[in-house]
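Structural overview
Listed here are the chains, written in short residue letters.
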Amino acid sequence: MLYTAGVMGDNTSNTQPGGLVRVAQAALLSPPFSTLSYLLPEGFGADFWQPGLRLAVPLGRGVRAAVLLEVAEMDVAAQEFSFKEVTWPLEQLGQSGPLLTPEYLDYARQFALRQAQPVGRVLSNMIPAGLRDTALRLRFFSPTVPQDMELRKMGNLAPAEREQLAGLWRSGQGKVLHALKSADEEYYVLKKSPPWPVMPSASRQIQVLEFLEAHRQVSRRRITRELGAEISSALKTLLSRGLIELKQQEEQTAEVGASRAEWLEKHGDILRSQPPFALNAEQETALNDFVELAQAKQPATRLLYGITGSGKTAVYLELAARVLQSGRKVLLLAPEVALALKLRNNARQRFPSLPVHLFHGYQTTVQRENMFRALSRCDEPALVVGTRSAMFLQLQDIGLIILDEEHDSSFKQDERLNYQAKELAWFLARRDGALLLLGSATPDLKTFYAVRQGHIKMHRLAERVGGGALPEVTLALMPRTAGGASVLTPEGEEALTACVAAGDQAVILLNRRGYSPSMYCLACGTVARCPHCEIAFTYHKGREKLVCHYCGYSVPFPYPCPTCKALHYLPMGEGTEKLEERLNTLLPTGTRVLRLDRDSTSRSGAMEEILDSFGRGEAEVLVGTQMLSKGHHFPRVSLAIVADGDMGLSMPDYNAAERTFQLVLQASGRAGRGEKPGKVIIQTRDPGHYCWEYILKNDYEGFYQRELELRRRRNYPPFTRLALIRISYPLGWPEGPNLLNTLAEKLQAAGASLGVAVLGPAPAPHPIRERQYRFQCLLKGDDWQRIRGVYNAAAAAVPSGSKLGISLDIDPAATS
């Protein structure tokens, strides 16, 4: 819906003459994300206002960033309200126009339609934060005007002054000045992981350390803005003690700006060089087919289904070389940062002198903005490695998009703005005539179903590179004991001890971080819970904190029991931190154990250090969450232990068995990649579950047939289309229950009218989060448009300004 920025009787807005005027339709990049109408200032010329131009516009008492979507003519004299004027453009026009291209705007529009979201909200999530900033000054290079002017004051200038400045801007005698640029380019990072040698009373220092641990690296500007200027003393103390470091933003290293011919002349030899190892017959067959498809410049999708260790990465890189030789761009995506770093290193080994551009969410704001700008107008070939957010880079002429581990749920974004990276990749492949290559040892069941239905063609790699065999897999029964017992079974401990004694390495998967997942009060028998979510706190011993893994709220430990005020707790269950501690006492003195999880990698560069150290053989055991389960190649690993194989099977999701199968089989694939045979031990309390039968035989296709039949009977994807409507309102809000009932009636009526099954609304599996009641409604239908119609009918019933939140998740990765 189109709104106007003016209101009836708003005498503070510029008065407008009668007749038709040119009006900008601008999408706000911050809440409420509306598309608003603004008058265009005089003096810039009609051809200056092009779609994609970033603008500063007035809203309320402030100035917001927006993107110009289109310019329309409007008879303002016929309107019952007056219009406000665009404050100022946020960029100079380049030779090719605004930074954001028409193709990029169309990408955002299609995305917005798919997700039933305002285009402003979509653009806000697509472009880097620095491109949405209005904390700016303007610099004009003319002796007749002040050198610098504050952006927010531009709207207060007299029309003649604005027109004069517009002329200077149009002629290139003005630019956007980031007044706090140095504060953006300098950033703080942790130098030491917890526990920190800081007194409990030094609350400001602890606040800084925890903030940096949560955000990895933070600009000087942001930490001051979010923690307050008074934090400066704590920063100085921590700097002097070497616990944190202030670093200068690395220079942009993207080698861009050359023509295609110049780039190929410089890098052609390395692209044509032979790989480090020869491809086998299966790899060659797949590669030849993929090259032919890529050279056709027609959209196509293929699945590369290869067992763990079968050399999928080698195929990716050889295919990338051919596409780069043709002068086009390549996107190589991984579901997690650890895998993206591994793929980046693989690419550097294959192409030692070739620029490899890395893009992921853990980079600083300035790094991401620099990369976005550098690649936006880049005509030359480029190899970009990244995570799902790299789908939002403004790339032209993409020839190849690869999604490694395509089955992984991390390709689905479930926070802020829901989206599936595979769908975005498919859109870009159709737009640019590119090959979309999906790779996995355990493909998404829906992807494999599309293969069997003839919609996608597949190549299979059935042999490990070098002729190695898949590891032997056995089950070990976990006893039903109290929480104090070790998570490792006797079989697991015995195999681990033997592995270390033989001089080999082992990996242990425990997909639960922290020390203990719950803390039991010995005095009154209650479990310590987050007051905002009513979820059990996880104990993090290294930080001496109880942490909610849902909202992030934490309290110091020891923690008085809210029920009886006692301080005596029994840690129940075991996380990676506790397992690491146990292994240090179980294994011989001198054995080194590393831990790879979100906590141990919170310090910038820690992830690379841990993986590199284990890869060099400097530690015998690597304990971790799902970060370590896929993609990594450690030839000395002869043992893999899945410490709690049942963990995902109990989730209330239709795809719980599939996700467990994928995670466990991927983790198993870390063993036996070198000369020695591998062994895998899966610890379970439910050895009769059908999932294990197929894992023991490494039988993906058998599992696929079994799971497919179960879904057919229960009418779950791929036999229907599924969406979740998520609803929330604050605790204690008196209007919430009645509005929820009204919404339920609208949903049921819309579902009946449009032929969509509506299940719910019902309390979410975690019904309280961040002091919000949470409900969800499951929609099943044969048509996405009808499903969106049900959501739109419900959303229209929510009063403007209501505290009730409602959102649509198309094809959710999880229904919990």
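Residues numbered from 1 in each chain as written. Predicted model: local features only at pLDDT ≥ 70, side-chain atom pairs only at ≥ 80, totals over all residues. Heavy atoms only, no water.

For the rest of this paragraph, the subject is a nonpolar patch on the surface. A surface patch of nonpolar side chains, amounting to about 260 Å² of accessible area, comprises Tyr 520, Leu 522 and Leu 570. Along the chain, Leu 570 falls in strand β28 (residues 569–572). Classification of Leu 570 as partly exposed rests on a relative accessible area of 33%. (Patch = residues over 30% accessible without salt bridge, like charges linked within 9 Å, V, L, I, M, F, W, Y side chains within 5 Å. Areas by Shrake-Rupley, 256 points an atom, 1.4 Å probe, with all protein chains shown as cover. Salt bridge = Lys/Arg side-chain N within 4 Å of Asp/Glu carboxyl O. Helix = DSSP H or I, 4+ residues; strand = E, 2+ residues; numbered from the N terminus. Buried < 20%, exposed > 50% of the residue type's maximum accessible area, 1.4 Å probe, protein only.)

Residues Pro 194 and Pro 195 are joined by a peptide bond in cis, for which omega reads 5 degrees. Relative to the elements of secondary structure, Pro 195 occurs in the loop between β10 (186–190) and α5 (203–215). At Glu 405, a position not held by glycine, the phi torsion is positive, near 55 degrees. Assignment of secondary structure puts Glu 405 in the loop between β17 (398–404) and β18 (412–413). For Glu 405, a relative accessible area of 5% corresponds to the buried category. A positive phi angle, close to 60 degrees, is found at Glu 534, a residue other than glycine. By secondary structure assignment, the location of Glu 534 is in the loop between β24 (518–521) and β25 (538–540).

Approximately 1,500 Å³ is the volume found for the second largest pocket. Along the walls of the second largest pocket sit 47 residues, with Arg 114, Glu 423, Lys 446, Trp 784 and Asp 811 positioned nearest its centre. Put simply, the parts of the chain that give the lining of the second largest pocket at least two residues each are α1 (102–115), β19 (419–420), α13 (421–432), β20 (435–440), α14 (445–452), α18 (656–668), β33 (721–730) and α22 (784–796). Considering only residue class, the lining of the second largest pocket consists of 20 nonpolar, 12 polar and 15 charged. (1 Å grid on protein atoms, 1.4 Å probe; cavity = no way out; pocket = protein on both sides within 12 Å on 5 of 7 lines; lining within 4 Å. Points joined across faces, edges and corners; volume = space filled by probe spheres on them. Nonpolar A, V, L, I, M, F, W, Y, C, P; charged D, E, K, R; others polar.)

Counting 163 residues, the largest nonpolar core has Trp 88 and Phe 140 as the members making the most contacts within it. A total of 9 residues in this core trace back to one element, the largest contributor, which is helix α10 (residues 312–325). With 25 residues, the next largest nonpolar core counts Ile 727, Ala 750, Ile 806 and Leu 808 among its residues. (Core = buried A, V, L, I, M, F, W, Y, C linked by side-chain atoms within 4.5 Å.)

Here 7 strands make up an open sheet; going across it, the order is β15-β16-β14-β17-β20-β13-β21 and the pairing parallel. Since the sheet does not close on itself, it has two edges, and those belong to β15 (356–359) and β21 (457–461), each with one partner. Averaged over neighbouring strand pairs, the angle between their axes works out to 20 degrees when direction is ignored. Note: strand β14 (residues 329–333) against β17, 5 bridges, orientation parallel. Considered in β17, the bridge of Val 330 is made with Leu 400. Against the sheet, helix α9 (residues 281–296) contacts β13 (300–306), β17, β20 and β21, and its axis sits at roughly 150 degrees relative to β21. (Pairing = 2+ DSSP bridges. Axes fitted to C-alpha atoms, helices over the stretch in contact; angles between N-to-C directions. Contact = heavy atoms within 4.5 Å.)

Next up on the list: empty space enclosed by the protein. Counted under the stated rule, the structure contains 1 cavity of 30 Å³ or more. Estimated volume of the largest cavity: approximately 50 Å³. Val 291, Ala 294, Gln 295, Leu 319, Arg 322, Val 323, Ser 326 and Arg 328 are the residues that line the largest cavity. Listing elements by their share of the lining of the largest cavity, those giving two or more residues are α9 and α10.

Of all residues in the protein chain, 94% attain a pLDDT of 70 or more, and the chain-wide mean is 88. Below pLDDT 50 for its whole length, residues 1–16 participates in 33 contacts with residues either more than four positions away or in separate chains. (pLDDT = per-residue confidence, 0-100.)

Taking strand neighbours across the sheet as the criterion, the 3 strands line up as β25-β26-β27 in an open arrangement whose pairing is antiparallel. Where the open sheet ends on each side, the last strands, each with one partner, are β25 and β27 (554–556). Neighbour-to-neighbour, the strand axes of the sheet open up by a mean angle of 25 degrees, direction not taken into account. Judged from the 3 bridges that link them, β25 and strand β26 (residues 545–547) form a sheet pairing that is antiparallel. Residue pairing in the sheet places Thr 538 in a bridge with Val 547 of β26.

Attention shifts here to the packing of aromatic side chains. Remark: the centre distance and the inter-plane angle together describe each pair of aromatic rings, the angle taken between the planes. Per the counting criterion, the structure on display carries 32 aromatic pairs. Ring geometry for Tyr 515 versus Tyr 539: centroids 5.5 Å apart, planes at 75 degrees, classification edge-to-face. Taken together, the residues span a long stretch of sequence, with Tyr 515 in the loop between β23 (505–509) and β24 and Tyr 539 in strand β25 at a distance of 24 residues. In this pair, the class of Tyr 515 matches that of Tyr 539, namely buried. (Phe/Tyr/Trp six-rings, centres within 6.5 Å; stacked < 30°, edge-to-face > 60°.)

Per the stated rule, a full pass over the model turns up 45 salt bridges. Asp 269 is the salt-bridge partner of Arg 272, the closest N and O atoms lying 2.8 Å from each other. Taken together, the positions of Arg 272 and Asp 269, both in helix α8 (residues 260–272) and 3 residues apart, correspond to about one turn of that helix. For Arg 373, the salt bridge identified is with Glu 369, shortest N-O distance 3.1 Å. Taken together, the residues Arg 373 and Glu 369, both in helix α12 (residues 365–376) and 4 residues apart, mark about one turn of the helix. Judged by its relative accessible area of 36%, Arg 373 falls in the partly exposed class. Residue classification places Glu 369 among the buried residues on the basis of a relative accessible area of 7%.

When you line up the elements, Thr 538 lands in strand β25. On the basis of relative accessibility, which here comes to 7%, the residue Thr 538 falls in the buried class.

Two elements in contact, helix α21 (residues 736–754) and α22, have axes separated by 9 Å at closest approach and are oriented at 150 degrees. Between α21 and α22, the angle falls in the class roughly antiparallel. In the crossing of α21 with α22, the sense of the turn from one axis to the other is right-handed. Residues Leu 743, Leu 747, Ala 750, Gly 751 and Leu 754 of α21 touch α22, and the partners they reach there are Arg 786, Gly 789, Val 790, Ala 793 and Ala 794. Tallied by class, residues from the contact of α21 with α22 come to 7 nonpolar, 2 polar and 1 charged. (Parallel < 35°, antiparallel > 145°, perpendicular 65-115°, else oblique. Left-handed = near helix turned anticlockwise from the far one by under 90°.)

Here α21 contains 19 residues, and its C-alpha end-to-end distance of 26 Å stays within 8% of the 27 Å for a straight helix at 1.5 Å per residue. Of the positions making up α21, those classed as buried are Gly 736, Leu 739, Leu 740, Leu 743, Ala 744, Leu 747, Ala 750 and Gly 751. With its buried residues spanning 145 degrees around the axis, α21 presents them on a single face. Facing away from the buried side of α21 by over 90 degrees, the exposed positions are Asn 738, Glu 745, Ala 752 and Ser 753. Its buried side turned inward, α21 meets β33, β34 (757–769), β35 (772–781), α22 and β36 (805–810). Looking one or two residues beyond α21, the residue adopting positive phi is Gly 755, at roughly 75 degrees. (Expected span 1.5 Å × (residues − 1). Arc of directions from axis to C-beta.)

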